[in-house]
Amino acid sequence: MKFLLKVCGPLLLAFVLIVSPILLAQARAQIITNGGFETTTGWTYAGGSGRTQEGTILLNPPAHSGSFYGTIATGGGTISQSINIPTAGTYQLSFYLAPQISLSLGTLNFSVQIGGSTYNLTYGITIIGLGGYNLYTLTVNLPAGLTNLIFTNLPGLLTAPLRVDDVSLVQIPGPVPGMSTISYLVVALLALVLGRRQMRDGVRWLRGLLSTSGS
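Note that the coordinates shown come from a computational prediction; the quantities given were computed from them, not determined experimentally.

**Digging into the overall build of the protein chain**
Each helix and strand counted, the protein chain has 2 helices and 10 strands in total. Element order for the protein chain, N to C, with α for helix and β for strand: α-β-β-β-β-β-β-β-β-β-β-α. Counting over 215 residues, the protein chain shows a buried share of 37%. For the protein chain, long-range pairs separated by at least 24 residues make up 76% of all intrachain contacts whose partners lie at least 6 apart in sequence. A total of about 12000 Å² of accessible surface is found on the protein chain, and carbon and sulfur atoms cover 62% of it.

**Things to note about the nonpolar core**
The nonpolar side chains of a soluble globular protein tend to be buried with one another. Grouped together as the largest cluster of nonpolar side chains are 32 residues, with contacts concentrated most on Phe95, Val112, Leu149, Phe151, Val167 and Leu169. Contributions of two or more residues to this core are made by β3 (68-72), β4 (78-85), β5 (89-99), β6 (106-114), β7 (117-125), β8 (134-142), β9 (145-153) and β10 (162-171). Setting aside residues no more than four positions away along its own chain, Leu149 makes contact with Ile32, Trp43, Ile79, Ser80, Gln81, Ile83, Leu93, Val112, Gln113, Ile114 and Val167.

**Quick look at the sheet that holds β9**
An order of β1-β4-β9-β6-β7 is seen for the 5 strands of this open sheet, with the pairing classed as antiparallel. Of all strands in the sheet, those with a lone pairing partner are β1 (44-46) and β7, marking the two edges. Ignoring strand direction, the axes of neighbouring strands in this sheet form an average angle of 20°. Of the pairings in the sheet, the one linking β6 to β7 comprises 9 bridges and is antiparallel in character.

**A short note on the side chain of Ser94**
Counting through the fold element by element, Ser94 comes out in strand β5. Non-local contacts of Ser94, meaning those with residues more than four positions away in its chain, are made with Leu135, Tyr136, Thr137, Asp166, Val167 and Ser168.

**Let's talk about the side chain of Thr78**
Looking at the element boundaries, Thr78 is found in strand β4. Residue classification places Thr78 among the buried positions, given a relative accessible area of 19%.

**Quick word on the confidence of the model for the protein chain**
For the protein chain, per-residue confidence averages 80 on the pLDDT scale, and 67% of positions sit at 70 or higher. The low-confidence segment residues 1-5 (pLDDT under 50) makes 4 contacts with residues lying over four places distant or belonging to another chain. Note on residues 179-192: pLDDT under 50 across the span, and 19 contacts to partners over four residues away in sequence or across chains.

**A short note on the sheet that holds β10**
As summarised here, the arrangement of the 5 strands in space is β2-β3-β10-β5-β8, forming an open sheet in which the pairing is antiparallel. Each end of this open sheet is capped by a strand with a single partner; those strands are β2 (50-53) and β8. The sheet shows a mean angle of 40° between the axes of neighbouring strands, taken without regard to direction. Alignment of β3 against β10, held across 3 bridges, turns out to be antiparallel. Opposite Gly70, over in β10, you have Val164 as the bridge partner.

**Description of the environment of Ile79**
In this structure, Ile79 sits in strand β4. For the pair Ile79 and Thr152, spaced 73 residues apart in sequence, the C-alpha to C-alpha distance is 6.8 Å.

Conventions and cut-offs
Counting restarts for each chain: residues are numbered from 1 in the order of the written sequence. This being a predicted model, a pLDDT of at least 70 is required before a residue's local features are given, and a value of 80 or more before pairs of side-chain atoms are given or counted; all residues contribute to the totals for chains, interfaces and linings. As a rule here, side-chain values come from all non-hydrogen atoms in the structure, and water together with hydrogens is ignored. A run of DSSP states H or I qualifies as a helix once it reaches four residues; a run of E qualifies as a strand once it reaches two. Both are numbered from the N-terminal end. The buried label goes to any residue with under 20% of its type's maximum accessible area, the exposed label to any with over 50%, and the partly exposed label to all in between, with areas taken from a 1.4 Å probe on protein chains only. Note on contacts: a residue pair qualifies if any of its non-hydrogen atoms lie within 4.5 Å across the two residues. Areas reported here follow the Shrake-Rupley algorithm with a probe of radius 1.4 Å; residue values treat only the protein chains shown as occluding. We define a nonpolar core as any set of buried Ala, Val, Leu, Ile, Met, Phe, Trp, Tyr and Cys residues linked to one another through side-chain atoms lying within 4.5 Å. DSSP calls a pair of strands paired once it identifies at least 2 bridges connecting them. Axis definition: a line fit to C-alpha positions, over the contact stretch in the case of helices; interaxial angles, taken between N-to-C directions, run 0 to 180 degrees. The pLDDT score gives, residue by residue, the confidence of the prediction method on a 0 to 100 scale.

Next comes the structure, spelled out in structure tokens:
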């Protein structure tokens, strides 16, 4: 047993010091319900908006993924979802958006409201016809509790129904404990297990490993 501790102790020390920060990273849990609009759950539609199944190109253009997407109608149409934020923090909201069909060149205006903040965004049409999906990503600070996510098709010189698909909201992991904090905890634990002599051997071995890696 002592032989195994002496041999494996330095390896255990290096493993914990190097791998622990990775293992302590927070999981990115999906908060949006039915982000791909593949079922009828989660979303509320208003102002002529609705859930659309892709079909023929001109009537129902393709979804970004799957077979369905949300259509945000012109004239202030909205698609919304009430979401529960588990913990206050920084979150990443992402989604894909494209016009239903474009008959002229110009800029389409829409907004995204979340956590009491409104973000005015645009989609630039450069080719008449079907516009491809653009990925939009927002970094937002949200308090814990219920909040509303609202997509609105805004009026402008150019208007068109908008397709939105693959909506995602995940928390951005915060910093993990510093290496120095983890090091002190691991050293204290291994000192009890290995004893002073084995601990000195392990630290000496780790220093040699780090110096070799640095060079």
